[in-house]
Amino acid sequence: IQPWPLQAPDACPATPIVLLSWFDGIGTAAHALRTLGAWVVHHVVWEVDPACRALLGHHWPQAHLRGSFYDDASDTIATHVSKGMAEAKAAGSTKPALVLATAGPPCPDFSRVKGARAAGRSGPGGRKFLDFVNMHLDPLRNHCKKSGVAFTFLIENVVMSNDNREHFDDALQCHSFVCEASDLGPVRRPRLWWTNVEQELHD
């Protein structure tokens, strides 16, 4: 299977995108953008699983592969944003790039299937969700705001307890909502989503 190149700028007159993806897995965000015909000028992923990293490296050879997000300071992210802006300008874009942050934090600790055994935010995987928000997403949001850079995020997780859901609603400063994959296809997969898109439209 050949690598999946992202769209060339001459085929994409739309806004260039700086894609930053945490807990990236198999690169679904990049694949979705490619399917939509988006122009991604800079692509950074954080993923620790060796098999996923091998697949990402094959399909997205232009991506900057990072490891654990704990190993990168927020300054590293700001540097990638600056690089993405410069790459969009060098490619001849007449529009400033949009910074898109996507994430699918570990979900087993939030699974309602486990009942009382679900550790939630106190579990080793569950803690990573809030650590990611505090250590990377919030600094990125603040950096983009100070720099005048357009920024949006899209984060996915399982349908969790109301307590955890409300906690992350507060942390992410937006209201979560449920999407069910069976609305678009045969597979049932209800998931919680958080995004600041609606908030940005009203600001």
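Structure: above.
Here goes a summary of the coordinates provided. (Residues numbered from 1 in each chain as written. Predicted model: local features only at pLDDT ≥ 70, side-chain atom pairs only at ≥ 80, totals over all residues. Heavy atoms only, no water.)

Here we look at the pairing of strand β1 (residues 16-22)
With seven of seven residues buried, β1 is to be regarded as a mostly interior element. On β1, burial covers both faces: P16, V18, L20 and W22 on one face and I17, L19 and S21 on the other are all buried. Bridge count between β1 and strand β2 (residues 39-46): seven bridges; the pairing is parallel. Of the residues in β2, the one forming a bridge with P16 is W39. Of the crossover connections in this fold, the one passing from β1 over helix α1 (residues 28-36) to the parallel β2 is right-handed. (Buried < 20%, exposed > 50% of the residue type's maximum accessible area, 1.4 Å probe, protein only. Helix = DSSP H or I, 4+ residues; strand = E, 2+ residues; numbered from the N terminus. Pairing = 2+ DSSP bridges. Right-handed = clockwise from strand over helix to strand, strands pointing away.)

Regarding the packing of helix α4 (residues 126-147) against helix α5 (residues 162-172)
Relative to each other, α4 and α5 sit at 20°, their axes nearing to 10 Å. As judged from the angle between their axes, α4 and α5 are roughly parallel. Along this stretch, α4 crosses α5, giving a crossing that reads as right-handed. Here F129, L130, V133, L137, D138 and R141 of α4 lie close against α5, whose contacting residues are H167, F168, A171 and L172. Split into classes, the residues belonging to the contact of α4 with α5 amount to seven nonpolar, one polar and two charged. (Axes fitted to C-alpha atoms, helices over the stretch in contact; angles between N-to-C directions. Parallel < 35°, antiparallel > 145°, perpendicular 65-115°, else oblique. Left-handed = near helix turned anticlockwise from the far one by under 90°. Contact = heavy atoms within 4.5 Å. Nonpolar A, V, L, I, M, F, W, Y, C, P; charged D, E, K, R; others polar.)

Examining the pattern of salt bridges
Going through the model one piece at a time under the given rule, you end up with four salt bridges. Between D72 and R66 there is a salt bridge, with its nearest N and O atoms 2.8 Å apart. Looking at D72, the relative accessible area reads 8%, which means it is buried. Overall, R66 belongs to the partly exposed group, its relative accessible area being 27%. (Salt bridge = Lys/Arg side-chain N within 4 Å of Asp/Glu carboxyl O.)

Looking at the sheet that holds strand β4 (residues 98-103)
A sheet is described by the order of its strands in space; here seven strands give the open sequence β3-β2-β1-β4-β5-β7-β6, paired in mixed fashion. Only two strands of the sheet have a single neighbouring strand rather than two, namely β3 (64-66) and β6 (177-180). Neighbour to neighbour, the strand axes of the sheet diverge by 20° on average, direction disregarded. Sheet topology places β1 next to β4; six bridges connect them, and they run parallel. Residue pairing across strands places V18 opposite V99, the latter belonging to β4. Where α4 meets the sheet, its contacts fall on β1, β2, β4, β5 (150-158) and β7 (190-195), and the angle it forms with β5 comes to roughly 165°.

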